[in-house]
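Structural description and commentary
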Amino acid sequence: MTGDTEGGRGGDGGVAGDADGADGAEGADEVALDPWGSSAVGDYRELFSEFGIEEFEGILPRVPDPHYLMRRGVIFGHRDYRPVARAMDEGDPFAVLSGFMPTGDPHIGHKLVFDEIIWHQAQGGDAYALIADLEANSARGMSWDEIDEHARNYLLSLLALGFDPEEGTLYRQSENREVQDLAFELGAEANFSEFQSIYGFDGETDVSHMQSVVTQMADILYPQLEEPKPTVIPVGPDQDPHVRLARDLAARTRYFGVRTAYASFEATDDELASLREAYEAREAYAEDADQPRCEEAAEWLATEETAAEGAIEKLENAGMEPLRPRTRFVDRRATDDAFEALIEAVEGEKRVFEAHVDAFEVNLAEAEELAREVEVAHGGHGFLPPSSIYHRFMTGLTGGKMSSSIPASHISLLDDPEEGYEKVKSATTGGRETADLQRELGGRADECPVYELYAYLLAGDDDEFATEVYEECVGGERLCGDCKEQAARLMEEFLEEHQEKRAEVEGLLEEAEIELESSRR
Ligand code: TRP
Ligand code: SF4
């Protein structure tokens, strides 16, 4: 399960949530990815090896017309993005959802997520953006007045950057009754020990904070409430524990489990591998290769060094039963009606047991689809496990971590354009001590917050420009003074333009179906 508690984190660059004001989550120090801790990642490679996040590069070729954040590796990782990429490619329904805790001004780190939502919307996805006001109130102690002010600012920037509120959905957690009902339902599948091991919660943690977790689980599955569909959650890697839990909870609500089996007994994954091996080798040992018997397979498997012990034993116990591949539907929590309907719906040869059905002419993919259809037709959600994509945290302009509590370390989308200009001009760089050294050795673009600004934002879709900056820097042709001047001007222009757009979309926001004032006080 999801309760990894590997210790140790540290290093640079957080942007999503900052440690300021976090309460609860005592003991979260042992949790390497902590949604309410300092969102810093020491080593991104660890996320692949320790947490099973996949490298985005591997799926990039399958993404139609990928966003520049994908092309440049800013979006570096994903969980199960394949179904989303496939749906995009084939014109099938899919969704994108992310949430924002209104704890301060929206800044250039949030812009990454805004852009990701907007891009998926433009690719044909149902887009959702939510204001995590319950979480801000419970986990960060924000007042409702502060929440309203910040929420408005997030939404204006989101719309100004191109989110279409008529096609997409905006909501705040506190006002979405469906989300709260779903949160309650999902809460029945999770318990405190699990929260302890995932989030480091303890006896001092507020119950409201825990409630904000199930609320986020409901947010993540909300796009599938009407019908199951691939859904991507773009977030920083600090949110991965939430994604994993949501994937687990989604699976726990399912009516049926679908898997491969070789005989009437159940097997673990290791055992299954041995059973498959034995089945494939049947010519070698079966008296009748069309009908290998379990006991014959047991005897053969006993001579194989790598065979799973359990498999041999189970095969022996099954005796003369034929060894034969099949797709098994296991009744996990289906109603009697749903189970009956599933049995009816299975085509071809089948065997019905008390709590499972074995189908001999249905492959795994067909079975998944059938199980989901029957579940949905009988009142279940049929949730697909939600997917996620992860972006890198930006380095602070002053070096170290980008933090909303250190204004000089980040650029707020509300900063005066001149202020933005100044912040870039005073940023630390990856430059050398002297111009001569820089010409000789080249700059360290990979460690330069100014280069990051180009790659993450200022170069926009223009890969050639981003590459040029990089090459000129590491080749020693670019010196930091001019480079920062150029970046500062671009930042100033961006902020000017963005703030004009914010003013233009005021009306759009008033018309949008989201409450701008909380009914709570
Ligand atoms: N917990 C997120 C944060 O700290 C906010 C959030 C709430 C969210 N619900 C979500 C993010 C659903 C992604 C999906 O910023
Ligand atoms: Fe950074 Fe530009 Fe200096 Fe290179 S030249 S180190 S990119 S500021």
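This text follows the structure it describes.
Structural notes, computed from the coordinates. Fair warning: this is a prediction, and the values are worked out from it, not measured in the lab.

Moving on, we come to the overall build of the protein chain. Helix and strand counts for the protein chain come out as 22 helices and eleven strands. Across its three principal directions, the C-alpha atoms of the protein chain cover 85 × 60 × 45 Å. Buried positions account for 54% of the 521 residues belonging to the protein chain. For the protein chain, the share of sequence-separated contacts (at least 6 apart) that also reach a separation of at least 24 residues comes to 76%.

Glancing now at the pattern of salt bridges. By the definition in use, this model includes 30 salt bridges. One salt bridge in this structure joins Arg177 and Asp181, with 2.9 Å as the shortest N-O distance. Here Asp181 and Arg177 lie together in helix H7 (residues 177–187), a separation of four residues that amounts to about one turn. The class of Arg177 is exposed, set by a relative accessible area of 62%. A relative accessible area of 37% places Asp181 in the partly exposed class. A salt bridge links Glu349 to Arg324, with the nearest nitrogen and oxygen atoms 2.8 Å apart. A residue pair is termed long-range when its members are at least 10 positions apart, and Glu349 in the loop between helix H15 (336–345) and strand E9 (350–352) and Arg324 in the loop between helix H14 (309–318) and strand E8 (326–331) qualify at 25 residues. A relative accessible area of 35% means that Glu349 is categorised as partly exposed. The structure contains a network of salt bridges with shared partners spanning Arg259, Glu266, Arg326, Arg328 and Asp358.

Further remarks concern the site of ligand 2. Neighbouring ligand 2 are Thr429, Gly430, Gly431, Gln438, Cys448, Val450, Tyr451, Cys473, Arg478, Cys480 and Cys483. Listed by contribution, the elements that provide at least two residues to the shell around ligand 2 are helix H19 (449–458) and helix H21 (480–504). Along the lines of polarity and charge, the residues of the shell around ligand 2 split into six nonpolar, four polar and one charged.

Take the sheet that holds strand E2 (residues 75–79) next. Taking strand neighbours across the sheet as the criterion, the seven strands line up as E1-E2-E11-E6-E3-E4-E5 in an open arrangement whose pairing is mixed. Pairing within the sheet leaves two strands with one partner each, and these edge strands are strand E1 (54–55) and strand E5 (169–172). Sheet analysis places E1 next to E2, joined by two bridges and oriented antiparallel. Paired with Glu54 across the bridge in E2 is His78. Together, E1 and E2 form the strand contacts of helix H1 (residues 44–51), whose direction differs from that of E2 by roughly 10 degrees.

A few words now on the packing of helix H8 (residues 192–199) against helix H10 (residues 240–252). Pairs of packed helices are described in terms of their axes, by the angle between the two and the distance that separates them. Relative to each other, H8 and H10 sit at 150 degrees, their axes nearing to 11 Å. On the basis of the axis angle, H8 is roughly antiparallel to H10. At the point where H8 passes H10, the crossing takes the right-handed sense. Across from Glu194, Phe195, Ile198 and Tyr199 in H8, the residues of H10 making contact are Pro241, His242, Leu245 and Arg252. Across the contact of H8 with H10, the residue classes break down as five nonpolar, one polar and two charged.

Next up on the list: helix H16 (residues 364–377). Two residues of an α-helix separated by three or four positions point the same way, owing to the 3.6 residues in each turn. Relative to the 20 Å expected for 14 residues at 1.5 Å per residue, H16 spans 20 Å between its end C-alpha atoms, a close match to the ideal helical length. Burial in H16 covers these residues: Ala367, Leu370, Ala371, Arg372, Val374 and Glu375. N-capping of H16 is provided by Asn363, with a side-chain oxygen placed 3.1 Å from the backbone N of Ala365. One or two positions beyond H16, positive phi appears at Gly379, with a value near 90 degrees.

Around ligand 1, a shell composed of 14 residues is seen, among which Met101, Glu135, Gln216, Asp219 and Gln239 lie nearest. One of the side-chain nitrogen or oxygen atoms of Asp219 is found 2.8 Å away from a nitrogen atom of ligand 1. Surface burial for ligand 1 is 94%, taken as the share of its 370 Å² of free accessible area covered by protein chains. For the shell around ligand 1, the secondary-structure elements that each account for two or more residues are strand E3 (95–100), helix H9 (207–221) and strand E6 (231–235).

The next subject is a negative patch on the surface. A contiguous patch of negative charge, built from Asp416, Glu418, Glu419, Glu422, Glu493, Glu496, Glu500 and Glu504, is present on the exposed surface. Of all the secondary structure elements, the ones that give two or more residues to the negative patch are helix H17 (417–425) and H21. Top contributing element to the negative patch by residue count: H21, with four residues. Topologically, Glu493 is positioned in helix H21.

Moving on, we get to the pairing of strand E10 (residues 356–359). Burial along E10 is two-sided: His356 and Asp358 facing one way and Val357 and Ala359 facing the other are all buried. Note that E8 and E10 share four bridges and pair antiparallel. Its bridge partner being in E10, Arg328 is matched across the sheet by Asp358. Adjacent in sequence and paired antiparallel, E9 and E10 are bridged by three residues.

Parameters at a glance
Residues numbered from 1 in each chain as written. Chains lettered and ligands numbered in written order. Predicted model: local features only at pLDDT ≥ 70, side-chain atom pairs only at ≥ 80, totals over all residues. Heavy atoms only, no water. Helix = DSSP H or I, 4+ residues; strand = E, 2+ residues; numbered from the N terminus. Buried < 20%, exposed > 50% of the residue type's maximum accessible area, 1.4 Å probe, protein only. Contact = heavy atoms within 4.5 Å. Salt bridge = Lys/Arg side-chain N within 4 Å of Asp/Glu carboxyl O. Near = heavy atom within 4 Å. Nonpolar A, V, L, I, M, F, W, Y, C, P; charged D, E, K, R; others polar. Pairing = 2+ DSSP bridges. Axes fitted to C-alpha atoms, helices over the stretch in contact; angles between N-to-C directions. Parallel < 35°, antiparallel > 145°, perpendicular 65-115°, else oblique. Left-handed = near helix turned anticlockwise from the far one by under 90°. Expected span 1.5 Å × (residues − 1). Polar contact = N/O pair within 3.5 Å; in protein donor to acceptor, adjacent residues only side chain to side chain. Areas by Shrake-Rupley, 256 points an atom, 1.4 Å probe, with all protein chains shown as cover. Patch = residues over 30% accessible without salt bridge, like charges linked within 9 Å, V, L, I, M, F, W, Y side chains within 5 Å. Lys, Arg positive; Asp, Glu negative; His and termini not counted. Charge placed at Lys NZ, Arg CZ, Asp CG, Glu CD.

This is a description of form; function is not addressed.
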